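Residue strings, one per chain:
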Amino acid sequence: MNPSGGSGMRDRDVTIRRILKVNHAGEFGAIRIYGAQILMARRLFPDIVPALEEMREDEISHCRLFREAMPARSARPCRVMAFWSLGGFVLGMLTALGGRDMIWICAEAVESTVHRHLEDQLSLP
Ligand SMILES: [Fe+2]
């Protein structure tokens, strides 16, 4: 007998933990992308720095919310947060080197991917 109330409940808990983990990591990666772009944009495209900072602040807030939701659900951050950190930073640097259009293309790709991902999660049984 499963003490957690049946395998269905257990599967749901596992799914929620995975969602929290991947969402938290994704938000962290986005923070790093925008952070690197801000570093570069301060020198190359200072006019877009305020918009990037606002986007980064949003991601910091999202990341914090996912992190705060973890303990009550026995979820933990991804084990390879360093990968998300480095990957996000490198992606942010490279896209900023590609020019301001590349920054916005990257932002659009990140945001549309996140939204599609969240919609997929919301439609899980
Ligand atoms: Fe976000």
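The protein chain is annotated in an unreviewed UniProt entry as Ubiquinone biosynthesis protein COQ7 of Rhizobium aethiopicum. The protein chain has a UniProt comment under Pathway (unreviewed entry) that states "Cofactor biosynthesis; ubiquinone biosynthesis."

As a further point, take a positive patch on the surface. On the surface, Arg18, Lys21, Arg76 and Arg79 cluster together to form a positively charged patch. By secondary structure assignment, the location of arginine 18 is in helix H1 (residues 7-44). Judged by relative accessible area, which is 60%, arginine 18 ranks as exposed.

Side-chain pairing between opposite charges can occur once the charged atoms of the two side chains come close. Enumeration according to the criterion identifies three salt bridges in this entry. Salt-bridge contacts for arginine 100 lead to aspartate 47; the nearest nitrogen and oxygen are separated by 2.8 Å. With a gap of 53 residues between them, arginine 100 in helix H4 (residues 100-122) and aspartate 47 in the loop between H1 and helix H2 (49-69) connect regions that are remote in the sequence. Of the residues examined, arginine 100 reaches a relative accessible area of 32% and is grouped as partly exposed. A relative accessible area of 52% means that aspartate 47 is categorised as exposed.

In a soluble, globular protein the nonpolar side chains are often hidden away together inside. Ranked by internal contacts, the top residues of the largest apolar core, which has 16 residues, are Tyr34, Ala41, Ile48, Leu52, Ile103 and Val110. At the level of secondary structure, the elements contributing two or more residues to this core comprise H1, H2 and H4. Counting residues per element, this core draws most heavily on H1, at six residues. Counting residues in each nonpolar core, the second largest holds five residues, with Phe66, Ala69, Met70 and Ala75 among its members.

Basis of the calculations
- Residues numbered from 1 in each chain as written.
- Predicted model: local features only at pLDDT ≥ 70, side-chain atom pairs only at ≥ 80, totals over all residues.
- Heavy atoms only, no water.
- UniProt positions renumbered as here; feature names shortened; annotations may be inferred.
- Patch = residues over 30% accessible without salt bridge, like charges linked within 9 Å, V, L, I, M, F, W, Y side chains within 5 Å.
- Areas by Shrake-Rupley, 256 points an atom, 1.4 Å probe, with all protein chains shown as cover.
- Salt bridge = Lys/Arg side-chain N within 4 Å of Asp/Glu carboxyl O.
- Lys, Arg positive; Asp, Glu negative; His and termini not counted.
- Charge placed at Lys NZ, Arg CZ, Asp CG, Glu CD.
- Helix = DSSP H or I, 4+ residues; strand = E, 2+ residues; numbered from the N terminus.
- Buried < 20%, exposed > 50% of the residue type's maximum accessible area, 1.4 Å probe, protein only.
- Core = buried A, V, L, I, M, F, W, Y, C linked by side-chain atoms within 4.5 Å.

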